[in-house]
Amino acid sequence: MKFCHILLATLLASGFPTRLAAEIIDISTPRTSLILDAQKGGALKILHYGNRLNAADIATLGDAGAINRDAYPVYGAYPQGEAALSVTHADGNMTTAVEVTGISTSTDADGASVTTVAMRDKVYHFDLNVNYRTYPGEDVIETWVDVRNGEKGTVKLNRFMSGYLPVRYGDVWLSQLYGSWANEGKLSQTPLTHGVRMIKNKDGLRNSHTAHSEIMLSLDGKPLENSGRTIGAALEYSGNYKLFIDTDDSDFHHFFAGINEENSTYNLKKGERFVTPPLALTYSDEGLSGVSRNFHRWGRNHRLHAGNTERKILLNSWEGVYFNINEPVMSGMIKDIADMGGELFVMDDGWFGDKYPRNVDNSSLGDWTVDTSKLPNGIQALVDSAAAHGIKFGIWIEPEMTNTTSELYEKHPEYIIKAANRPATQGRGGTQLVLDLANPRVQDIVFTIVDTLMTRYPGIDYIKWDANAPIMDHGSQYLTADNQSHLYIDYHKGFATVLDRIRKAHPDVTIQACASGGGRANWGILPWFDEFWTSDNNDALQRIYMQWGTSYFFPAIAMGSHISASPNHQTFRRIPVKFRADVAMSGRLGLEMQPRDMSDEDKAIVRQAIADYKAIRPIVQFGDIYRLISPYDHKGVASLMYVTPEKDDAVFYWWKTETFMNQQLPRVVMAGLDPDKTYRVTELNRIDNTPLSFEGKCFTGKYLMANGLEIPLTHKVDYHKNTDYASRILRLTAE
Ligand code: DGJ
């Protein structure tokens with residue numbers, strides 16, 4: 001069934017009072033519709049975005065009161081309002097006035113349908129295409145624009161948003177993510193009030209630490225997880241962004257999203273084209289979780305690299321040994337994770353550097369040769385050791401960076417980002433520098449780093465691609481003086497070029513996007529990356545909050561989630577391994593510690609957790625999320641579940657977030673099950689001496705979704721094993 005279709009209907013005057021006729025474009029997905037009016041010679045108008053409309057609804061939309069605003073406002077006549085596009089034409093004219101010249105549809109290789117509304121300035125040879133893409137079966141519509149300069153000279157692009165959406169004024173709430181290093185993905189939910197709400201990033205490289213380029217808008221007041229009309233928006237971009245909502249005196253909250261244009265004026269030469277990144281929009285009347293499910297499904301099927309392939313359970317070496325890498329230690333870790341049932345070992349930072357060995361964080365980036373004093377038998381010995389233990393091997397690199405203390409920088413100081421006539425600002429370790437990916441020569445170097453590793457060691461299964469610096473100076477030694485304002489954008493164009501080449505040459509290697517922890521959780525990079533590192537903070541309690549927020553927009557399969565040591569290396573909190581495992585098992589499970597330091601008892605718990613995770617992995621990694629009780633509501637418990645699309649299998653997570661005596665916790669009502677199916681309950685990762693009262697018992701989906709199960713506040717364990725933590729994972733299998 002083809003869901004997106006273009007309906008070029010002529011509607012008569014009654015429905016659309018301001019116009020005599022309209023050419024209606026109906027961009028519908030299974031449960032949503034975007035209705036546009038694109039009459040040739042007129043303006044492109046948006047009439048509706050929300051639930052799916054049928055032909056009768058569309059015909060009477062005007063009578064009901066359609067949105068009827070410019071679908072992509074440009075800066076021109078009546079410049080008082082915000083515009084999505086603002087340009088200075090070749091002759092200095094700062095106004096633009098476009099009209100529709102044509103509509104076309106095409107189907108791309110992915111089976112997606114693309115509708116393009118072509119517009120041209122009424123006076124200038126300046127073309128603006130507004131594009132909409134839908135995928136069969138997905139409730140996401142992507143929109144982006146491309147502009148082409150056909151004028152006699154250079155046109156300056158001053159603002160070039162990917163998309164605009166007017167949202168009917170009302171009790172609309174904004175859900176957004178904010179945070180910082182080691183505290184990423186925090187959720188903020190606030191009502192929209194008059195004025196401008198802006199979310200932006202200017203890091204240059206890592207765009208998801210302090211804010212995120214994804215939002216949700218709850219249209220029916222305070223956001224609810226499983227009910228309420230909700231719009232989701234995600235800008236698919238790896239660089240600087242700007243999202244803002246202008247609530248003015250009109251009937252609308254005006255939402256804009258795109259590349260952050262600050263200090264990034266783009267000079268478009270005659271004949272050149274500029275394409276914005278896509279903005280993904282979705283709508284659900286099943287609340288915030290409904291929007292998440294739409295994003296997750298679309299992302300896994302069409303955006304995330306290898307989104308339908310199970311991810312391996314891994315041990316990463318960073319918190320276990322930091323820079324203290326050597327062959328016996330690596331081999332020991334390989335053996336230990338294999339013994340616990342893991343499937344992959346990843347050697348993190350510290351394995352490279354010849355003239356300058358990488359022993360701390362102040363040298364060697366760019367010199368990707370093995371430090372043979374640490375690894376006398378090289379990388380191949382570790383690949384072989386992993387293979388001998390029946391697991392795979394992965395490796396850390398930070399290819400976009402160098403240090404002043406490196407052979408690369410000594411030979412090629414011209415490759416780094418720096419402002420003219422000023423010394424380069426140096427980052428991590430007091431010496432880190434960013435390579436200028438706007439420069440095609442640098443693009444070659446970065447490609448070659450990965451290509452050489454993969455060609456020499458085809459057994460490498462996984463790359464952790466790190467990036468631990470922002471763009472610290474606005475200056476490219478490659479770009480011409482008049483195009484310095486292109487740096488932020490051309491860096492990311494270069495990044496995409498490199499990643500395209502890498503994926504063409506090495507389609508099967510799993511690549512993690514890491515950037516000082518969770519600095520690169522965005523849909524802009526995930527077409528090339530299989531997952532992202534969620535945070536450098538592995539504290540299980542804080543992870544509940546961070547992963548809750550991150551799950552708003554990103555599926556569990558992409559969210560690296562590791563069991564780390566206790567006391568935790570960031571918060572120094574002591575958390576029993578059972579709780580740490582129960583949290584990590586709600587994402588892409590891994591370990592981040594030195595197994596040698598674990599007690600046998602903890603190892604046994606982790607071994608069990610890994611075995612259990614293997615059983616539920618398809619549900620977690622490919623299932624639908626239903627968030628039940630938010631940690632941000634401070635009810636003492638947080639809970640969510642994943643359910644298979646067929647609703648025949650589900651996993652329920654319950655984590656106590658605080659402990660007090662005689663605490664009153666809410667009983668958690670489930671969601672997403674089939675009311676008519678009967679589910680058998682099995683507890684996973686069980687540590688209690690006696691099973692729960694409902695262990696092995698059957699309940700209908702209807703009962704579970706109306707009543708839930710009574711979860712005890714504590715675990716029934718030997719007295720000396722009691723702690724202040726409690727958590728449960730229940731598997732619900734349809735009979
Ligand atoms: C930052 C990452 O987030 C960490 O996981 C680790 O890989 C270090 N870099 C290594 O330097």
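### A short note on the packing of helix α10 (residues 540–550) against helix α11 (residues 577–584)
(1) Moving on: Remark: α10 packs on α11, axes separated minimally by 9 Å, with the N-to-C direction vectors making an angle of 15°. Judged by the inter-axis angle, α10 sits roughly parallel to α11. Relative to α11, the crossing made by α10 is left-handed. Contact with α10, carried on its side by A540, L541, R543, I544 and Q547, involves F579, R580 and V583 of α11 and no other residues of that element.
(2) Moving on: Among the residues making up the contact of α10 with α11, the classes are represented as five nonpolar, one polar and two charged.

### Some remarks on helix α6 (residues 378–388)
(1) Moving on: Looking at α6, one finds that the buried residues are G378, I379, L382, V383, S385 and A386.
(2) Moving on: G390, located one to two residues past α6, shows a positive phi value of around 80°.

### Quick look at the site of the ligand
(1) Moving on: The ligand sits among 13 residues. The nearest are D348, D349, K464, D466 and D536.
(2) Moving on: At 2.8 Å, a side-chain N or O of D348 approaches an oxygen atom of the ligand.
(3) Moving on: A distance of 3.1 Å separates an oxygen atom of the ligand from a polar side-chain atom of W396.
(4) Moving on: Here the ligand loses 97% of its free accessible area of 290 Å² to cover by the protein chains.
(5) Moving on: Along the lines of polarity and charge, the residues of the shell around the ligand split into four nonpolar, three polar and six charged.

### Considering the side chain of D367
(1) Moving on: In this structure, D367 sits in the loop between β23 (344–347) and α6.
(2) Moving on: Among the polar contacts made by the side chain of D367, one reaches the main-chain amide nitrogen of E407 at a distance of 2.8 Å.
(3) Moving on: Setting aside its immediate chain neighbours within four residues, D367 contacts F352, G353, Y356, S406, E407 and L408.

### A short note on the sheet that holds strand β28 (residues 510–513)
(1) Moving on: The eight strands are arranged β22-β23-β24-β27-β28-β29-β30-β31 in a closed barrel whose pairing can be described as parallel. Neighbouring strand axes in the sheet, compared pairwise and without regard to direction, differ in orientation by 30° on average.
(2) Moving on: One ladder, built from two bridges, connects β28 with strand β29 (residues 531–533); its direction is parallel. Bridge pairing links Q512 to E531 in β29.
(3) Moving on: Contacting β27 (460–465) and β28, helix α9 (residues 487–505) runs over the sheet at an angle of about 170° to β27.
(4) Moving on: Against the sheet, helix α12 (residues 600–622) engages β30 (559–564) and β31 (588–592), with an angle of about 150° to β31.

Conventions adopted
- Residues numbered from 1 in each chain as written.
- Predicted model: local features only at pLDDT ≥ 70, side-chain atom pairs only at ≥ 80, totals over all residues.
- Heavy atoms only, no water.
- Axes fitted to C-alpha atoms, helices over the stretch in contact; angles between N-to-C directions.
- Helix = DSSP H or I, 4+ residues; strand = E, 2+ residues; numbered from the N terminus.
- Parallel < 35°, antiparallel > 145°, perpendicular 65-115°, else oblique.
- Left-handed = near helix turned anticlockwise from the far one by under 90°.
- Contact = heavy atoms within 4.5 Å.
- Nonpolar A, V, L, I, M, F, W, Y, C, P; charged D, E, K, R; others polar.
- Buried < 20%, exposed > 50% of the residue type's maximum accessible area, 1.4 Å probe, protein only.
- Near = heavy atom within 4 Å.
- Polar contact = N/O pair within 3.5 Å; in protein donor to acceptor, adjacent residues only side chain to side chain.
- Areas by Shrake-Rupley, 256 points an atom, 1.4 Å probe, with all protein chains shown as cover.
- Pairing = 2+ DSSP bridges.

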